[in-house]
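A closer look at the structure
Read off the chains here:
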Amino acid sequence: MNKIIRVSSAWSEYYSNGNPLLESESLPKIDFDAGDLLDLIDEDGEFLAKAYYGPQNKGCGWILSNKETDIDMNFFIRKFSAALTRRGPYFGSEETTAFRIFNGEGDGIGGITIDWFDGYGVINWYNEGIYFFRDEILKAIQSVMYFNGIYEKRRFDKSGKYIEEKSFSCGVEAPSPLVILENNIHYATYLDDGAMVGIFLDQKEVRKKIKEISYEGMTCLNLFSYTGAFSVAAASSGAMTTSVDLANRSLEKTKENFLINNIDLSRQSIVVSDVFDYFDEAASRGESYDLVVLDPPSYANSKKRRFSVQKDYRELVEKSAKLTKNGGILVASTNCSAMSIGKFKKQIREGLENQNRNYEILEVYRLPSDFVSNEMMKGSNYLKVVFVKMKG
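Now for a quick tour of the structure. (Residues numbered from 1 in each chain as written. Predicted model: local features only at pLDDT ≥ 70, side-chain atom pairs only at ≥ 80, totals over all residues. Heavy atoms only, no water.)

Let us look at the sheet that holds strand E4 (residues 61–65). A sheet is described by the order of its strands in space; here 4 strands give the open sequence E1-E2-E3-E4, paired in mixed fashion. The open sheet has two free edges, formed respectively by strand E1 (2–6) and E4, since each of these has just one partner strand. Between one strand axis and the next, the sheet turns by 35° as a mean value, whatever way the strands run. Relative to strand E3 (residues 47–53), strand E2 (residues 37–41) runs antiparallel, the two being bridged by 5 bridges. (Pairing = 2+ DSSP bridges. Helix = DSSP H or I, 4+ residues; strand = E, 2+ residues; numbered from the N terminus. Axes fitted to C-alpha atoms, helices over the stretch in contact; angles between N-to-C directions.)

So, on to the sheet that holds strand E9 (residues 168–171). The strand order across the open sheet built from 5 strands is E5-E6-E7-E8-E9, with neighbouring strands paired in mixed fashion. Whereas interior strands pair on both sides, the edge strands pair on one side only; in this sheet they are strand E5 (98–103) and E9. In this sheet, adjacent strand axes meet at a mean angle of 20° when their direction is disregarded. The pairing of E5 with strand E6 (residues 112–117) spans 5 bridges and is classified as antiparallel. By the bridge assignment for E6, Arg-100 is matched with Asp-115. Sheet strands touched by helix H2 (residues 73–86): E5 and E6. Its angle to E5, the strand with the most contacts, is close to 140°. (Contact = heavy atoms within 4.5 Å.)

Within the largest apolar cluster, 39 residues are counted, with the highest numbers of intra-cluster contacts made by Phe-117, Leu-191 and Ile-210. Looking at this core, the elements with two or more residues in it are strand E7 (120–125), strand E10 (178–182), strand E11 (185–189), helix H6 (204–213), helix H7 (229–235), strand E15 (289–294), strand E18 (324–334) and strand E20 (384–390). Counting 33 residues, the second largest nonpolar core, distinct from the first, contains Phe-75, Phe-99, Met-145 and Ile-163. (Core = buried A, V, L, I, M, F, W, Y, C linked by side-chain atoms within 4.5 Å. Buried < 20%, exposed > 50% of the residue type's maximum accessible area, 1.4 Å probe, protein only.)

Going through the model one piece at a time under the given rule, you end up with 24 salt bridges. Glu-152 is paired through a salt bridge with Arg-134; the nearest N and O atoms lie 2.7 Å apart. Residue Glu-152 is found in strand E8 (residues 149–154), and its partner Arg-134 is found in helix H5 (residues 134–144); the two are separated by 18 residues along the sequence. On the basis of relative accessible area, Glu-152 is assigned to the buried category, the value being 8%. With its nearest N and O atoms 2.9 Å apart, the salt bridge here joins Arg-267 to Glu-216. With Arg-267 in the loop between helix H8 (249–259) and strand E14 (269–272) and Glu-216 in the loop between H6 and strand E12 (219–223), this pair connects stretches of sequence that are 51 residues apart. (Salt bridge = Lys/Arg side-chain N within 4 Å of Asp/Glu carboxyl O.)

Take the pairing of E20 next. Most of E20 is tucked away, with 6 of its 7 residues classed as buried. In this structure, strand E19 (residues 359–365) lies alongside E20, joined through 6 bridges in antiparallel fashion. Looking across to E20, one finds that Tyr-359 is bridged to Met-390.

Time to look at the packing of helix H9 (residues 275–284) against helix H10 (residues 309–322). Relative placement of two packed helices is described by the angle separating their axes and the distance separating the axes. Two numbers describe how H9 lies on H10: the axes approach to 10 Å, and their chain directions differ by 25°. One element, H9, and the other, H10, form an angle in the roughly parallel class. Every pair of crossing elements has a handedness; the one defined by H9 and H10 is left-handed. Contacts from Phe-276, Phe-279, Asp-280 and Ala-283 of H9 reach H10 at Glu-315, Leu-316, Lys-319, Ser-320 and Lys-322. Its residues assigned to classes, the contact of H9 with H10 comprises 4 nonpolar, 1 polar and 4 charged. (Parallel < 35°, antiparallel > 145°, perpendicular 65-115°, else oblique. Left-handed = near helix turned anticlockwise from the far one by under 90°. Nonpolar A, V, L, I, M, F, W, Y, C, P; charged D, E, K, R; others polar.)

Attention shifts here to the packing of H2 against H5. Between H2 and H5, whose axes approach to 8 Å, the crossing angle comes to 45°. Considering their axes alone, H2 and H5 lie oblique with respect to each other. At the point where H2 passes H5, the crossing takes the right-handed sense. On the side of H2, the interface is formed by Met-73, Phe-76, Ile-77, Phe-80, Ser-81 and Leu-84, while H5 contributes Glu-136, Ile-137, Lys-139, Ala-140, Ile-141, Ser-143 and Val-144. Of the residues in the contact of H2 with H5, the class split is 9 nonpolar, 2 polar and 2 charged.

This structure, assessed with the given rule, holds 23 aromatic pairs. Pairing Phe-91 with Phe-99 gives two aromatic rings, centres 5.0 Å apart and planes at 85°, and the pair type is edge-to-face. Between Tyr-313 and Phe-344, the aromatic rings sit 4.9 Å apart at their centres with planes inclined by 65°, giving edge-to-face as the arrangement. With Tyr-313 in helix H10 and Phe-344 in helix H11 (residues 341–354), this residue pair connects regions lying 31 residues apart in the sequence. (Phe/Tyr/Trp six-rings, centres within 6.5 Å; stacked < 30°, edge-to-face > 60°.)

Listing the buried residues of H5 in full gives Ile-137, Leu-138, Ala-140 and Ile-141. Projected down its long axis, H5 carries its buried residues within an arc of 165°, all on one side. (Arc of directions from axis to C-beta.)

Next up on the list: empty space enclosed by the protein. Enumeration over the complete set of coordinates arrives at 1 cavity of 30 Å³ or more. Here the largest cavity defines a volume of roughly 30 Å³. Asp-193, Met-196, Val-197, Gly-198, Tyr-226, Thr-227, Arg-249 and Lys-253 are the residues that line the largest cavity. (1 Å grid on protein atoms, 1.4 Å probe; cavity = no way out; pocket = protein on both sides within 12 Å on 5 of 7 lines; lining within 4 Å. Points joined across faces, edges and corners; volume = space filled by probe spheres on them.)

The following block contains the structure:
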């Protein structure tokens, strides 16, 4: 249903400036249904923006256009065509076969992302509002792009979490695993294996850098290692790696990624352990590493503790610094959209100072070019990765 919504002068300025997130505070106290289209007008009745209603973990929907336009299949075709044009260099790559082809509000439609996995599409739906347009969206994306098969992942149950269900949608099912290529390294992915498929595509440039700086005989510690992607990148250049993660499945998944790249497992160590416990054990053994990669989830729970990047990252940096050699490199990473790059650097600085370490920031990475962000949206460019060299 299309509804005309008058907003106050303060909110008129907010939306006319290009902010893409629909805020509940700007709307009248009336009932809305997921998928409702809203024409936002100012106090004088002038058109401001077209939006859809769809509450998720932030806001209650997204602006679709600041011009009067019909939201139909042709609208989605135009958006997808523009996004695919931006990704032209990725489609022409012989080194990388998996990347993002549509990135939510960065490409003009918040609440949906689409990833390309070597001929297969993975659509992530983040609220019921955008899912209301599912049929038009599926037809539109398939009209401008051929897929061997499409997978859909709904991330909006009543508590805002992933809905566990078979995600294969149409076409031909992908092999399991589907082995993709990134920077000439192979990674095993499982497109129908829950919310996460085995690799985080937003870290591709970071893995490339790790591959470049690694060398024969280097020692690398990968913390919160998941399926060992950072470890594989380092080991592909000759590093000896230690991968640490609490999840039991990380062991076999990491082994698999080493083996499909013909990497000698005898030079790699995979540890299933609470990272905080591992810190203490490694320190007691006097271990130190040439490269330490620290990439925790924004939030995590174990039997012993609750972890939050916003309040606990400083402690992680402090403990990681204790295990990093003089002259070694600490790669500090987070995907927490709620933490600014300034606050993140502050936590890194305080953690290093608590260990009395001298250091130099070598490089800072944000989202790669396929993960287009919206500069008007706070937290849209959520990835923050800082390469720090220890100097004493």
